Structure formats: C-alpha cells, structure tokens
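Residues per chain, in single letters:
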Amino acid sequence: MGGSATSSRGNEIDQQFMMMALAMARRGLGTTAPNPSVGAVIIDKTGHVLGRGWTQPGGRPHAEVVALERAGQAAKGATLYVTLEPCSHIGKTPPCADAVIKAGIARVVCGVQDPNKLVAGQGLAKLREAGINVVENVLANEAHWLTLGHILKVTRSRPFVQLKLATGLDGLIAPGDGEPVWVTGPQARAQGHLLRARADAILVGIGTVLADDPSLDCRLPGLEQRSPKIIVLDRKNSLPRDAQVSKSGRKLDLVSTDNLADLLANAADEGVTRVLVEGGPHVWRSFLDAGLVDEIVHFQGSKDVGSGGLKPFVDQGLELIEQSADFEKVDQRMAGGDKMMSYRNRQSMKAI
C-alpha cells in the first residue's frame, strides 16, 4: 500500500525543522546554477538531527544525498525535511527519490512541488508508492520564494530578478564621477555584497559602468569566490577596455538588445536562475516598466545626497515603488546607521 497523501502546513515541529532546511538551502544561493538550491534535514523519532545538507556548488550532489550520507544507517525509519520535491528522473545523477527510498526513510516533509515537467509531483508519488508518509506544503510560501529562481526558469523561461538600489535620506542617488560614490555605511554595503554572493549574474547599464567604474564583485571575507558573472547592457559597444568589469577575469556578457524578456530568456538558457540588477536609473525603470522585477532591495543612507542627486527611476522617485499596487513591503531593518527595505512583487510571491 502507498503512504498517506497528507497535504498541510504541518505541525509546529514540522515547521521548526523545515525552517532549518530553508536555512540550509539559503547557504547555496548563487552557487548551484543551473540547479535550484535545496535544503534537507533528517531527524530521528526523538527530534535528534541525524544529517543536514544543501545543494553543492554546480548543482551536485543534491541536498537529499548529502544529508543521507551524513545520516548513514541511522536514516532508516527517520523523517526527511526537504524544501523542494525530490527529483524522480535520471539526469547527471540518479533520482533522489530512489536514494530516499533505499535509505529506508519513513516520512518525508516537503516545502513545495517541483514544477519541472520531469518531476512535477512524480517524485512525491514515487515516495508514496514505496509506502513513505508524505506531507506537502509545509512553509510552502517560504520555500516557494527561496526556490523562485528555479520555478521561474522552468515555468516562464526567465530568472528571478532582484533590483538593488542605494539612496540618500532624501531618496536620491549619488551621481558617479568615475568611481563609486557611497551613500551608505559599511554594514549596508556588506549586505549588498551578500546579495551579490547569492546571485548568478549582476546586470548593469553601460551608463553605470562609465559613471562609477564598479568592480561588481563580492568582497565579503571568505566569499570572494562567490562573485557572479557580469551582464552589461551596451547597445553601442562602448565598454572601455580598462573598465574594472573588463579586467575582472570573470565571465562578461555585453548585451545590445532592448528586449529585456529576450535577454532574460537567454540568461535562463545559459543556466542563470538569479539576476541582481544594480543600475542605473534607466535600467531599473526599464525592468519595472516591463513587469520583470520580483524584488527590490532599497538601502537608504542617513544623510541627504543633496541638489546634485538623481531620481532613482529617471523622472520618478521612490514613490514609484512605495505607492505601487504591484509591490508589498515585506521587511525593514537597520544596517548600521542605514535602513534596508525589501519590496516583493505580489504576483511573484504566489505559488505558480
């Protein structure tokens, strides 16, 4: 007989360990493309953690396999918490569902189903057919958001798009003068570097390169190797050879198209699941006008930029997002003396 087909948000204990699995998945963001970053936790009947894992760099091995290897023989009769449905097809590695069954796992608690047509519920069905008790949709909203880059890639042929902007207290951005101009302090900038580490690609317009000559790398201690590829919108092929991005040694794509949907589709075809759009105003506005933004992260400094400042969205200020019906402010916190605010697209937060 197959296992029970339970679908619920789970009890408090299930939510507790799913939160741990989500934390595991978060560790892999920016390193697992073209695969999603997945987290897995295995516990015994007393709630003791037997093994934890997350998708490894390059997308393999998968989180479930890592956790099962750490749990060893103790995995028999245990519960597996996994943020995304275990795969059921043979790719470059054997199906994770088979590994879960072979290990003798008795119960699987899953965050969200995988919309990939090669999986799409088949992994969970396979587990149930093997007699495993399966619980679905535990902290589904959180798992959906964390996995959104993968979900969008397989359902809409585009990556997750995150805009990052920094303004002064007056809501204006500082014009560049050949090098970056900081309007926030070191703690806020460190958070910005963490966003870079969790992206597969950073996108800027040629105007930002010419004005600021940014390096667009991650300079957090221990995460320097997490600097993603660079995409520059450059219709006139005017990128200077001595620009920091030209000399970075990282993969650099120069894109001349005005069609952002095609640009994102091509990026998805190359395995990109998460894009961080760093500027400038014309680029930010273009992505917003095209309806291609999933999240906006706004860092606001404690001092005004002043009369030389620019509006972040060409002819409009922060009211464009603060008064938008499309975005919901989901978080605000302090980063040193600066504010860090996150706005999420309401449609992107919904399960697809």
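The structure displayed is predicted, hence computed values, not measured ones.

1. Notes on the overall build of the chain
In terms of regular secondary structure, the chain is built from 11 helices and 14 strands. Taken against the 2.2 N^0.38 rule, which gives 20 Å for 352 residues, the C-alpha radius of gyration of the chain at 22 Å falls within 12% of a compact globule. In terms of its C-alpha atoms, the chain occupies a principal-axis envelope of roughly 70 × 35 × 35 Å. Expressed as a percentage of the 352 residues in the chain, the buried residues total 51%. Sequence-distant contacts in the chain: of pairs separated by 6 or more residues, those separated by 24 or more amount to 73%. Element-wise, carbon and sulfur atoms account for 48% of the exposed surface of the chain, whose accessible area totals about 16,100 Å².

2. Some thoughts on the sheet that holds strand E8 (residues 201–205)
Pairing is mixed in the open sheet, where 8 strands are placed in the order E10-E9-E8-E11-E7-E12-E14-E13. At either end of the open sheet lies a strand with only one pairing partner, and these are strand E10 (252–255) and strand E13 (327–335). On average, adjacent strands in this sheet sit at an angle of 20° to one another, irrespective of strand direction. Looking at chain direction, E8 and strand E11 (residues 274–279) are connected through 4 bridges and run parallel.

3. What about helix H6 (residues 148–155)?
Those residues of H6 not exposed but buried are Leu 148, Gly 149, His 150, Ile 151 and Leu 152. As for H6, its buried residues are in contact with strand E4 (79–84), helix H5 (140–146) and strand E7 (160–167).

4. Description of the pairing of strand E6 (residues 133–136)
Both strand E5 (residues 107–112) and E6 contribute to a ladder of 3 bridges, which runs parallel. Across the sheet, Val 108 pairs through a bridge with Val 134, a residue of E6. The parallel pair E5 and E6, bridged by helix H4 (residues 122–129), forms a crossover whose chirality is right-handed.

5. Details of the state of the cysteines
Following the criterion strictly, the structure yields 0 disulfides and no others. Between Cys 110, a cysteine without a disulfide, and Cys 96, which holds the nearest cysteine sulfur, the sulfur-to-sulfur distance is 12 Å. On the basis of relative accessibility, which here comes to 1%, the residue Cys 110 falls in the buried class.

6. Quick notes on the pairing of E10
Alternating positions in E10 separate cleanly, Asp 253 and Val 255 being buried on one face and Leu 252 and Leu 254 remaining unburied on the opposite face. When strand E9 (residues 229–233) meets E10, the two strands line up parallel, connected through 4 bridges. Following the sheet pairing, Ile 230 is matched in E10 by Leu 252.

7. Quick look at the packing of aromatic side chains
Here the structure, examined in full by the defined rule, presents 3 aromatic pairs. For the pair Trp 284 and Phe 313, a centre-to-centre distance of 6.4 Å together with 65° between the ring planes defines the contact as edge-to-face. Of this pair, Trp 284 sits in helix H10 (residues 281–289) while Phe 313 sits in the loop between strand E12 (295–300) and helix H11 (319–322); the two residues are 29 residues apart in sequence, bridging distant segments of the chain. Comparing Trp 284 with Phe 313 shows no difference in burial state: the two are buried.

8. A short note on the confidence of the model for the chain
Close reading of the predicted structure is inappropriate where its pLDDT is low. Looking at the chain, pLDDT values average 92 and 95% of them are 70 or higher. Counting interchain partners and residues more than four positions distant, the pLDDT-below-50 stretch residues 1–8 has 26 contacts.

9. A word on H10
Along H10, the residues classified as buried are Pro 281, Val 283, Trp 284, Arg 285, Phe 287 and Leu 288. Among the residues trailing H10, Gly 291 stands out with phi positive, at a value near 70°.

10. Some words on empty space enclosed by the protein
Under the counting rule described, the total for this entry stands at 1 cavity of 30 Å³ or more. Of the volumes computed, that of the largest cavity is approximately 100 Å³. Leu 29, Pro 36, Ser 37, Thr 273 and Arg 274 are the residues nearest the centre of the largest cavity, which is lined by 16 residues in total. Class assignment for the residues of the lining of the largest cavity results in 4 nonpolar, 10 polar and 2 charged.

11. Observations regarding the environment of Ala 106
Relative to the helices and strands, Ala 106 is located in the loop between helix H3 (96–102) and E5. Its relative accessible area of 37% is what places Ala 106 among the partly exposed residues. Beyond its immediate sequence surroundings of up to four residues, Ala 106 is in contact with Gly 77, Ala 78, Ile 132 and Asn 133.

12. Description of the layout of surface pockets
As a volume, the largest pocket reaches approximately 1,200 Å³. Taken together, 46 residues make up the lining of the largest pocket; nearest its centre are Thr 208, Asp 212, Glu 278, Gly 279 and Gly 280. Of all the elements in the fold, those that place two or more residues in the lining of the largest pocket are E7, helix H7 (186–197), E8, helix H8 (206–212), E11 and H10.

13. Quick notes on the environment of Gly 185
Inspection of the secondary structure assignment puts Gly 185 in the loop between E7 and H7. Residues Gly 185 and Gln 56, spaced 129 residues apart in sequence, show a C-alpha to C-alpha distance of 32 Å.

What counts and how
- Residues numbered from 1 in each chain as written.
- Predicted model: local features only at pLDDT ≥ 70, side-chain atom pairs only at ≥ 80, totals over all residues.
- Heavy atoms only, no water.
- Helix = DSSP H or I, 4+ residues; strand = E, 2+ residues; numbered from the N terminus.
- Rg over C-alpha atoms; globule rule 2.2 N^0.38 Å.
- Buried < 20%, exposed > 50% of the residue type's maximum accessible area, 1.4 Å probe, protein only.
- Contact = heavy atoms within 4.5 Å.
- Areas by Shrake-Rupley, 256 points an atom, 1.4 Å probe, with all protein chains shown as cover.
- Pairing = 2+ DSSP bridges.
- Axes fitted to C-alpha atoms, helices over the stretch in contact; angles between N-to-C directions.
- Right-handed = clockwise from strand over helix to strand, strands pointing away.
- Disulfide = S-S within 2.5 Å.
- Phe/Tyr/Trp six-rings, centres within 6.5 Å; stacked < 30°, edge-to-face > 60°.
- pLDDT = per-residue confidence, 0-100.
- 1 Å grid on protein atoms, 1.4 Å probe; cavity = no way out; pocket = protein on both sides within 12 Å on 5 of 7 lines; lining within 4 Å.
- Points joined across faces, edges and corners; volume = space filled by probe spheres on them.
- Nonpolar A, V, L, I, M, F, W, Y, C, P; charged D, E, K, R; others polar.

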